[in-house]
Amino acid sequence: GIQSRHQTRVMVSDFHITAASLALDLPEDVFIEALSELGVLRWPIMAYQSEQLPAPNALDMQWAAMLHFGHVFAPFISSSHPNWSRWLSPSALCNKDTQNQAVSRIVAKLVQFFEASERAVDEVIQQIQLQGFQYPDEKHIAQYFPDRSMIPTFLLNIAIQMKMSALGDVVELNATRRGFSGKTQRSLTGVKPLFHSEVRENPEAEAFGAWGYRDSYFVLNVSSKGSKDVTMKGSRYSISGKRLPRLAPFVEEELNVKINPSDLTFPTCENLILPVPDLTKEDVSKLLVVLGSDGKRLSAKTTDRARHGTGHTQEDMFDLRSGNASIRHPDVVVWPRDESELQDLVSLASSNDWCLIPFGGGTNVTHSTRCPERWIDPRPMISVDMKLMSRVLWINEEDGLAHVEAGITGLQLVQHMAKLGFTIGHEPDSYEFSTLGGWIATKASGMKQNKYGNIEDIVKEVTVIGGNGTIMSQKHAMDKVSFGRVSSGVDLKSLMLGSEGCFGIIASAVIKIWPIAESTLHESVLLSDFDAGVRFIKDVSKLRIMKPASVRLLDNDQFRLGQALKEEPSRYEAICTFASKQIGYYSGKLSESSVVCATIMFEGSHAEVQLQKHALREIASSHGGVLAGSRVGKAGYDLTFAIAYLRDFALNYGILGESFETFVPWSRLRRVVEATKRKIYNEHKQRALPGVPFVCCRVTQLYDEGVCVYFYFCMTIVGVPEPSRVFAEIETCARQEILNNGGSLSHHHGVGKLRSSFVDQVHSQGYIKSIVAVKKALDPNNVFGARNGAFSQLNDDAT
């Protein structure tokens with residue numbers, strides 16, 4: 001045919017012969033003799049050729065040059081290696097033998113490489129299958145070839161294709177399944193949708209099985225130009241409604257995956273089945289008496305029980321969306337509306353041997369609102385939702401104090417105070433949904449910690465309903481006051497901070513309030529790399545009272561993710577952005593592969609903010625920083641509230657993600673960051689998981705002694721058996737690595753049940769026994785039996 005005629009006219013140069021000699025490790029004379037024997041034409045030497053092209057150094061390029069004439073050897077292996085023969089030359093139909101020694105040596109070398117490629121593929125497939133992946137696809141196999149193989153990469157890829165083709169329809173069928181559950185390869189359609197038809201009826205409602213409001217979520221569409229565009233629905237956030245054309249390509253490249261916009265899973269969602277509640281009709285009647293016979297404030301509905309038995313860990317979301325009801329959920333949910341009802345509820349639970357688990361916003365990422373398993377605590381479980389206790393009881397403007405019920409959300413509190421001209425100064429990432437009581441119980445921290453302090457600095461007093469129904473609170477001779485500081489023994493506030501629902505229910509708290517700042521401005525600074533960024537923020541931390549309200553440092557990976565979350569700029573904006581980049585990059589200060597970004601928020605009087613800006617610019621200049629402007633700074637700050645929606649959006653396309661935080665001393669910062677990232681990559685590789693994990697971090701709070709660091713980790717779970725469990729194992733290994741290298745167990749998320757296995761590493765046995773003894777004194781019947789943190793080790797006789 002035509003191909004055969006073309007092949008007879010192929011001409012070979014000295015360049016091709018030299019490259020082939022290097023590729024197969026044979027003398028050039030062998031190729032010259034073999035090609036002459038087979039009648040291959042030599043490239044004529046032209047008079048104008050002064051020198052030969054240099055031979056390529058890369059093995060793949062050497063092979064590419066050799067394959068210019070590789071077809072001539074195809075007939076000699078058509079019987080022994082027909083697939084490889086067809087690959088060398090599809091037109092090589094008949095088998096040939098040769099007596100020529102040079103031809104035989106080349107053929108033997110080719111066969112040696114072909115068979116080595118097949119063995120390498122078989123070994124990798126076996127390695128992957130031992131990890132539970134029975135039907136890996138081509139990309140998954142290629143991912144685990146040795147980094148320094150003596151076999152050309154493209155030859156290995158051809159061997160994979162031949163292997164997959166030889167396995168036939170069985171592999172094709174199973175390799176295309178997007179399974180979660182091992183050998184049975186359950187389809188991705190087992191994942192539940194994030195959104196429901198009720199969005200139109202109640203846009204303020206929270207999503208079930210996902211973060212945030214039901215009317216706010218990311219969607220992926222294909223544009224008229226064929227690009228994969230992500231858009232956030234709704235209008236709550238600065239990013240809402242904007243087209244994000246760079247996000248999907250960024251994820252595909254970083255995770256080594258392909259996202260199919262049409263491969264979205266939206267099956268019906270109403271099939272979660274929970275066990276029948278343990279409470280009897282008589283028990284329910286008793287509860288209704290406490291609630292004033294208001295049946296709307298007691299629920300045994302599946303969705304209410306499931307939501308109140310979970311928080312927002314990746315395990316929680318995965319279980320809810322996959323219909324997994326294996327964990328224990330509360331038997332009923334109740335909504336008390338005042339302290340009196342709380343007292344009666346606790347007394348009733350104590351007398352009936354029930355367990356109460358306080359529930360605020362349900363934003364915890366520690367399993368703290370999960371019920372202890374039945375074999376640990378067989379008592380009926382009641383979730384006490386505090387959201388109806390959301391009143392501001394009084395405000396003392398002169399002293400800068402407010403007494404607020406603990407069920408109020410951060411957003412409600414911010415809005416209420418803003419109408420009066422005040423701020424609470426506490427703004428955690430979850431503030432739209434998390435509650436005052438939850439902040440105290442977890443010992444929370446907010447983005448403006450530099451200026452207003454953490455929750456322990458903002459809360460002055462707490463009112464608590466204890467295990468026997470008694471109200472425990474500070475006594476005052478006068479109403480609507482609180483002391484700035486006292487020395488009258490161990491205070492109740494200290495006991496409740498970080499108690500995670502195990503000492504009692506926080507009913508209300510007296511908190512500090514401040515007049516709304518005169519000025520709020522943003523700034524951003526680009527620095528050459530993470531080390532330069534750390535040196536910069538360390539100097540900023542030394543400003544003490546002159547520190548900006550918020551300072552965050554994004555590593556290069558998170559900075560690039562932030563860039564991918566930007567809308568398509570106008571032509572003018574694109575030109576300005578390009579010009580500013582070139583100034584930084586061509587000056588030698590910045591590189592796209594290493595640049596990091598610090599986002600800054602100033603808040604205070606006009607004079608205070610101007611002084612802070614001047615000080616910060618001086619520090620930035622001393623570290624070679626480039627000011628990127630207020631727009632970048634504000635976008636980075638605002639993005640905090642929208643980015644939480646990304647995790648649940650990604651799960652639609654088989655990508656699982658999570659964040660976790662720690663406090664790290666300055667002296668251990670680089671070590672912890674590098675070791676933790678390395679650990680995640682190694683654990684991922686050891687499990688032969690598909691794709692590449694994406695790991696990034698940011699510094700979020702500054703202290704004299706160190707910083708709070710957030711790690712973000714995501715990976716593809718397509719074809720991964722029990723993906724949530726596998727992900728959790730890697731996260732646990734990362735947490736252990738943090739501890740091993742000098743980080744804390746938690747900075748502000750708390751311990752809950754998720755991290756309770758690490759408690760022995762951070763607290764002495766003497767401390768654990770002492771705190772458990774305090775618990776037994778405050779709650780002798782263990783009414784508050786959530787078993788979080790150190791209380792996970794309570795003995796059975798405590799119940």
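Residues numbered from 1 in each chain as written. Predicted model: local features only at pLDDT ≥ 70, side-chain atom pairs only at ≥ 80, totals over all residues. Heavy atoms only, no water.

(A) Structural context of the overall build of the chain. Summing up its helical and strand segments, the chain has 28 helices and 23 strands in all. Within the chain, buried positions represent 54% of all 799 residues. Pairs at least 24 apart in sequence give 74% of the contacts found in the chain among residues at least 6 apart. (Helix = DSSP H or I, 4+ residues; strand = E, 2+ residues; numbered from the N terminus. Buried < 20%, exposed > 50% of the residue type's maximum accessible area, 1.4 Å probe, protein only. Contact = heavy atoms within 4.5 Å.)

(B) How the structure looks around the packing of helix H20 (residues 530-541) against helix H23 (residues 606-622). Following both chains from N to C, one finds H20 and H23 inclined at 150°, their axes separated by 10 Å at the closest point. Relative to H23, the crossing made by H20 is right-handed. Contacts between H20 and H23 pair Phe 536, Asp 539 and Val 540 from the former with Leu 616, Ile 619 and Ala 620 from the latter. For the contact of H20 with H23, a count of residues per class yields five nonpolar, no polar and one charged. (Axes fitted to C-alpha atoms, helices over the stretch in contact; angles between N-to-C directions. Left-handed = near helix turned anticlockwise from the far one by under 90°. Nonpolar A, V, L, I, M, F, W, Y, C, P; charged D, E, K, R; others polar.)

(C) Expanded view of the nonpolar core. Core analysis: the biggest nonpolar cluster contains 93 residues, and Leu 24, Trp 63, Ile 106, Ile 141, Phe 536, Ile 537 and Val 709 have the highest contact counts within it. The leading source of residues in this core is helix H6 (residues 101-130), at 14 residues. Ignoring sequence-local partners within four residues, the contact set of Ile 537 consists of Val 551, Leu 553, Trp 666, Val 699, Leu 702 and Val 707. Within the second largest apolar cluster, 83 residues are counted, among which are Met 232, Tyr 237, Phe 433 and Ile 655. (Core = buried A, V, L, I, M, F, W, Y, C linked by side-chain atoms within 4.5 Å.)

(D) A look at helix H28 (residues 765-778). Across its 14 residues, H28 extends 20 Å between first and last C-alpha, which sits within 8% of the 20 Å expected from 1.5 Å per residue. All of the buried residues along H28 are Ile 768, Ile 771, Val 772 and Lys 775. What you see down the axis of H28 is that its buried residues fit within an arc of 100°, all on one side. The exposed set on the far side of H28, more than 90 degrees from its buried face, consists of Lys 769 and Ala 777. Where H28 is buried, its residues meet helix H27 (759-762). (Expected span 1.5 Å × (residues − 1). Arc of directions from axis to C-beta.)

(E) Representation of the packing of aromatic side chains within the structure. Evaluation of the coordinates by the stated rule reveals 23 aromatic pairs. Relative to Phe 114, the ring of Trp 84 has its centre 4.3 Å away and its plane inclined at 5°; by these criteria the two rings are stacked. On the criterion of sequence distance, the pair formed by Trp 84 in helix H5 (residues 82-88) and Phe 114 in helix H6 is long-range, its members being 30 residues apart. Neither residue differs from the other here; Trp 84 and Phe 114 are each classed as buried. Judged by centre distance (4.7 Å) and plane angle (55°), the ring pair of Tyr 213 and Phe 433 falls under tilted. Taken together, the residues span a long stretch of sequence, with Tyr 213 in the loop between helix H9 (169-175) and strand S3 (218-222) and Phe 433 in the loop between strand S12 (422-423) and helix H16 (436-442) at a distance of 220 residues. Given the relative accessible area of 6%, Tyr 213 is considered buried. With a relative accessible area of 4%, Phe 433 lands in the buried category. Taken together, Trp 63, Trp 84, Trp 87, Phe 113, Phe 114 and Phe 154 form an aromatic cluster joined through their ring pairs. Positioned above the aromatic ring of Tyr 213 is the side chain of Arg 236, whose terminal nitrogen or guanidinium carbon lies 3.6 Å from the ring centre. Directly above the aromatic system of Tyr 452 lies the positively charged group of Lys 451, at a separation of 5.7 Å from the ring centroid. (Phe/Tyr/Trp six-rings, centres within 6.5 Å; stacked < 30°, edge-to-face > 60°. Lys NZ or Arg CZ within 6 Å of the ring centre and 35° of its normal.)

(F) Focus on the sheet that holds strand S6 (residues 298-299). Judged by pairing direction, the sheet is mixed, and its four strands sit side by side in the order S6-S7-S9-S8 without closing on themselves. Taken across any chain shown, the strands that pair with only one partner, and hence form the sheet edges, are S6 and strand S8 (355-359). With five bridges joining them, S8 and strand S9 (residues 381-385) adopt parallel strand pairing. When the bridges of S9 are listed, Phe 359 appears paired with Asp 385. Running at roughly 145° to S8, helix H14 (residues 339-352) makes contact with strand S7 (332-334), S8 and S9 of the sheet. (Pairing = 2+ DSSP bridges.)

(G) Expanded view of the environment of Arg 485. With respect to the helices and strands, the residue Arg 485 is situated in the loop between strand S14 (471-472) and helix H19 (492-496). With a relative accessible area of 74%, Arg 485 lands in the exposed category. A sequence separation of 25 residues divides Arg 485 from Lys 460, and the C-alpha atoms of the two residues are 8.7 Å apart.

(H) Molecular detail of the sheet that holds strand S21 (residues 655-665). Spatially, the seven strands line up as an open sheet ordered S20-S17-S19-S18-S22-S23-S21, and their pairing is antiparallel. Looking at which strands have only one partner, the edges of the open sheet turn out to be strand S20 (626-627) and S21. The pairing of strand S17 (residues 519-527) with S20 spans two bridges and is antiparallel. Looking across to S20, one finds that Leu 526 is bridged to Val 626. Together, S21 and strand S23 (706-716) form the strand contacts of helix H26 (residues 723-740), whose direction differs from that of S21 by roughly 15°.

(I) Broad picture of the pattern of salt bridges. In total, this model carries 39 salt bridges according to the counting rule given. Of the charged contacts, one joins Lys 242 and Glu 567 as a salt bridge, the two residues approaching to 3.7 Å between their closest N and O atoms. Here Lys 242, found in the loop between strand S4 (228-232) and strand S5 (243-244), pairs with Glu 567, found in the loop between helix H21 (556-564) and helix H22 (571-586); they are 325 residues apart in sequence, far enough to count as distant. Relative accessible area serves as the criterion here: at 30%, Lys 242 is assigned to the partly exposed category. A salt bridge links Arg 337 to Glu 341; its shortest N-O distance comes to 3.3 Å. With relative accessibility at 43%, the residue Arg 337 sits in the partly exposed group. Each of Lys 679, Glu 683, Arg 687, Glu 722, Arg 725 and Glu 729 takes part in salt bridges that share partners, so that together they form one network. (Salt bridge = Lys/Arg side-chain N within 4 Å of Asp/Glu carboxyl O.)

(J) Highlighting the confidence of the model for the chain. Mean pLDDT over the chain works out to 88, with 88% of the residues at or above the 70 mark. Confidence drops under pLDDT 50 across residues 169-201; counting only partners more than four residues distant or on other chains, this segment forms 82 contacts. (pLDDT = per-residue confidence, 0-100.)

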